[in-house]
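Here is what each chain is made of, one letter per residue.
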Amino acid sequence: MNYKLTLLIILSASLLLGIIYIIIIPPWQSPDEPTHFEYVKVLAEGAPPWAPQPRPDLQKTIIASLDRHNYWEYVWVERPSPLPATFRESPFLFAAPTQIGKNPPLYYLLSSLVLRLSPSRSVEGELYRLRIVSLIFSILTVGVVWASAAEIFGSSSPIPPAAAGITALLPQFMVIGTSVSPDPAINLIGAVSIYLVLRCQRIGFTLSRILILILCYGVGLMVNYKLLILIPVLPGVGIIHLCFHRDRISSLKILVLWSGGLATIILLAYSGLVWYFPEIARIFVVRVNMLYLTLSSFLGGNTPLPANHWHWFNSELFKSFWLKYGWLKYELPLIIYLILKIASLAALAGIGIFVVRWITRFDKLTRRGKEGVLTLLLYAAVALGAYYLFWGIKGANTTTQARHLFVVMPAWSILFIFGWCQLFPARFQKKVSIGLLSGFGILNIIAIFHILSTYGIN
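Predicted model only: the values in this text are computed from it and were never measured.

(A) The arrangement of the overall build of the protein chain in detail. The secondary structure content of the protein chain amounts to 18 helices and two strands. In summary, the protein chain has a C-alpha radius of gyration of 22 Å against a globular reference of 23 Å for 458 residues, a match within 12%. When each of the 458 residues of the protein chain is scored for burial, the buried share is 53%. Partitioning the contacts of the protein chain with sequence separation of at least 6, the portion at a separation of at least 24 is 77%. Total accessible area on the protein chain is roughly 20900 Å²; 69% of this is exposed by carbon and sulfur atoms. Between the mean site of the 36 positive side-chain charges and the mean site of the 19 negative ones, the protein chain shows a separation of 13 Å.

Next comes the structure, spelled out in structure tokens:
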């Protein structure tokens, strides 16, 4: 089949699937939707993006909508009577009563333009409009996953359509990808940054391409602070490239130029933020300081972890990667997670086989393929390691949400398919890809009916 037609089919299926999730997830039942919506709405009504303020009157309107749509029942808290006037007074929401001051403003500013296009009669109508915007970001992410895999394996390989397909068919990705949140936007930018790196590895790093990559990072940081975790990846990307292109004398010069230019631009950009927009710069300072305090407390022996902490943490992280919907209240049957664990371990075993073959020089992958796979492994390791450092060693009661790992979605999807393909002869790649896509399709059917059952939608 023509690869363009296959891509069109996958993107069309992603659109249809996303619309289904938008419909079956009740209003306000994705993480932090009320507070994300408030931020967008405040900017849509004219507040300055660098210094918005929470709006008690708007919060009261949103709380009334929560009540109309059984919010309290779905988050397992008793319905307050009378209804609270603000998020700070609301059961469940008081723990994180606003997103204003916690996230950079770019996503909210762009989303506010959608609300300004035409007035809506209800906050629910505006909520669904913003969910559609998120779906567009997610569909584009699926396309970028395809393009990233094609940079490594070529467009004729069965891996690119399979990687794009399982991205769209990953239930938690689509649940989060259709929510009112900066996550779909930052997932797209994270995927684009990986694609740009893989493309530069294939056709060469030039000053203009490096500047485009830096610009992508800059935009990403203004969308969400999570892109901070991808900055430490860049030196590793340069080292991997040098190891595979030692014959290029210019590679070292380009790496030095890249590193120096990146450091200079980051410092200048941060200085500009501090000077002109200190409120936005404070967001990054707070996040870096939180990581510092967490690490220093843990290394100093001042963070006692509860018994069975790591078993609980790993289990929650795994479940929330595949599907744990609502406000992390609802799970799939345990047998489904067991099957997913076996499938994940099989993919991991395949990655292990690749590493052993690479070390012993028995692998048949091209230099382009090896460099790309190792780069994706680096992205996956850094994203996972950063999450464990920031959340795993806190020792306090907190939610564990693998949606934060979706910022490197091409790494997870491509490596999953690639790992499975390593378990079979090369001639079976297409059959393996089709089999995995079928399995993910079945998983989606189970997830959709489980969600429908949970929320009592007929």
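Following the structure, the description resumes.
(B) Representation of a nonpolar patch on the surface in the model. Together, Ile335, Leu338, Ile339 and Ile342 make up an exposed nonpolar region whose accessible area comes to about 390 Å². Structurally, Ile339 can be placed in helix H15 (residues 334–359).

(C) How the structure looks around the side chain of Asn103. Along the chain, Asn103 turns up in the loop between helix H4 (71–74) and helix H5 (106–117). Among the polar contacts made by the side chain of Asn103, one reaches the side chain of Gln99 at a distance of 3.0 Å. Once you skip the residues sitting within four places of it in the chain, Asn103 turns out to touch His36, Tyr39, Tyr108, Asn224, Tyr225 and Ile283.

(D) Geometry of the packing of aromatic side chains. Counted according to the given criterion, the structure contains 29 aromatic pairs. With centroids separated by 5.2 Å and ring planes inclined at 85°, the aromatic side chains of Tyr71 and Trp72 adopt a geometry described as edge-to-face. Like Tyr71, the residue Trp72 is buried in the burial classification. Put simply, the rings of Phe173, Phe318, Phe321, Trp322, Phe406, Trp412, Phe416 and Phe440 pair up and form one aromatic cluster. If you follow Lys341 out to its NZ or CZ, it ends over the ring of Phe318, 6.0 Å from the centre. One Lys or Arg, Lys394, reaches over the ring of Trp391 and ends 5.4 Å from the middle of that ring.

(E) Expanded view of the environment of Pro49. Its place among the elements puts Pro49 in the loop between helix H2 (33–44) and helix H3 (56–68). The sequence separation of Pro49 and Tyr108 amounts to 59 residues, and the corresponding C-alpha distance is 8.3 Å. Contact partners of Pro49, with chain neighbours within four places excluded, come to Tyr39, Leu43, Pro105 and Leu109.

(F) Local environment of the nonpolar core. Judged by nonpolar contacts, the single largest core of 127 residues is most densely connected at Tyr21, Trp322, Tyr379, Val408 and Phe416. No other element matches helix H6 (residues 123–153), which puts twelve residues into this core. Every residue in contact with Trp322, bar those within four places of it in the chain, is listed here: Leu170, Pro171, Gln172, Leu340, Ser344, Phe416, Phe440 and Leu443.

(G) Spotlight on the pattern of salt bridges. Enumeration according to the criterion identifies 15 salt bridges in this entry. Arg68 serves as the salt-bridge partner of Glu124, at 2.7 Å between the closest nitrogen and oxygen. Highlighted residues: Glu124 in helix H6 and Arg68 in helix H3, separated in sequence by 56 residues. A salt bridge links Glu151 to Arg202; the nearest nitrogen and oxygen atoms lie 2.5 Å apart. With Glu151 in helix H6 and Arg202 in helix H9 (residues 183–203), the pair connects residues that are 51 residues apart, well separated along the chain. The class for Glu151 is buried, based on a relative accessible area of 7%. The network of salt bridges with shared partners includes Lys41, Glu45, Arg55, Asp57 and Glu126.

Basis of the calculations
Residues numbered from 1 in each chain as written. Predicted model: local features only at pLDDT ≥ 70, side-chain atom pairs only at ≥ 80, totals over all residues. Heavy atoms only, no water. Helix = DSSP H or I, 4+ residues; strand = E, 2+ residues; numbered from the N terminus. Rg over C-alpha atoms; globule rule 2.2 N^0.38 Å. Buried < 20%, exposed > 50% of the residue type's maximum accessible area, 1.4 Å probe, protein only. Contact = heavy atoms within 4.5 Å. Areas by Shrake-Rupley, 256 points an atom, 1.4 Å probe, with all protein chains shown as cover. Lys, Arg positive; Asp, Glu negative; His and termini not counted. Charge placed at Lys NZ, Arg CZ, Asp CG, Glu CD. Patch = residues over 30% accessible without salt bridge, like charges linked within 9 Å, V, L, I, M, F, W, Y side chains within 5 Å. Salt bridge = Lys/Arg side-chain N within 4 Å of Asp/Glu carboxyl O. Polar contact = N/O pair within 3.5 Å; in protein donor to acceptor, adjacent residues only side chain to side chain. Phe/Tyr/Trp six-rings, centres within 6.5 Å; stacked < 30°, edge-to-face > 60°. Lys NZ or Arg CZ within 6 Å of the ring centre and 35° of its normal. Core = buried A, V, L, I, M, F, W, Y, C linked by side-chain atoms within 4.5 Å.

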